[in-house]
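Remarks on the overall topology
The primary structure of each chain is shown beneath.
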Amino acid sequence: MNHGQGIVLNCTTENPQRQPGALIVFPCTKCGLCCKNLDKSSVYSYLNRGDGTCVNFDSESNLCKIYEDRPLICRIDAYHEQILSASMSRDEYIAANIQSCKDIQAAEELSISLINQEGS
Ligand code: SF4
């Protein structure tokens, strides 16, 4: 997600293990929530199918249908290298993505909890 500070969070990194020297590795759980919350950032609007979910998201597998060819904004390492490396370190960027991921997951858990309360 982009939270107005040039922070983009999306799906998995190409290979989280490929930078063994990195201080932080993005711990993607493949929950798919970042691809289902595109309405939180205008940079993803062209991918939004209308309900916040990406047009390329496969709801059955919970994965990206175009993963190998996904846009730059969906590639954590490439996006940092090409767009943000002059303004923030990779570790800062990964840390910001981790925090955004936690925020999205917490909001989802709260939403599910409220729905369950309404149903009981
Ligand atoms: S293109 Fe793929 S990685 Fe990017 S938001 Fe859509 S489903 Fe997620």
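Notes on the structure follow. Model, not experiment: these values are computed from the prediction.

1. A few points about the side chain of threonine 53
For threonine 53, the position within the fold is in the segment before strand E1 (57-58). What threonine 53 contacts, discounting residues up to four positions off in sequence, is Cys35, Lys36, Leu38, Leu47 and Asn48.

2. So, the pattern of salt bridges
Here the structure, examined in full by the defined rule, presents 3 salt bridges. Arginine 90 is the partner of aspartate 77 in a salt bridge, and the nearest nitrogen-oxygen pair spans 3.1 Å. Here aspartate 77 is found in helix H1 (residues 76-84), whereas its partner arginine 90 is found in helix H2 (residues 90-119), with 13 residues between them in sequence. Accessibility assignment for this pair places aspartate 77 and arginine 90 in one class, buried.

3. Some points on the side chain of asparagine 97
Tracing the chain through its elements places asparagine 97 in helix H2. Its relative accessible area of 0% is what places asparagine 97 among the buried residues.

4. What about unusual backbone geometry?
One non-glycine residue, lysine 30, lies in positive phi territory at about 55 degrees. Note on placement: lysine 30 falls in the segment before E1. A residue is classified by how much of its surface remains accessible, and lysine 30, at 51% relative accessible area, is exposed. Of note, the phi angle at asparagine 62 is positive, near 65 degrees, even though the residue is not glycine. On the secondary structure map, asparagine 62 appears in the loop between E1 and strand E2 (63-64).

About the thresholds
- Residues numbered from 1 in each chain as written.
- Predicted model: local features only at pLDDT ≥ 70, side-chain atom pairs only at ≥ 80, totals over all residues.
- Heavy atoms only, no water.
- Helix = DSSP H or I, 4+ residues; strand = E, 2+ residues; numbered from the N terminus.
- Contact = heavy atoms within 4.5 Å.
- Salt bridge = Lys/Arg side-chain N within 4 Å of Asp/Glu carboxyl O.
- Buried < 20%, exposed > 50% of the residue type's maximum accessible area, 1.4 Å probe, protein only.

Nothing here speaks to function; it is geometry throughout.
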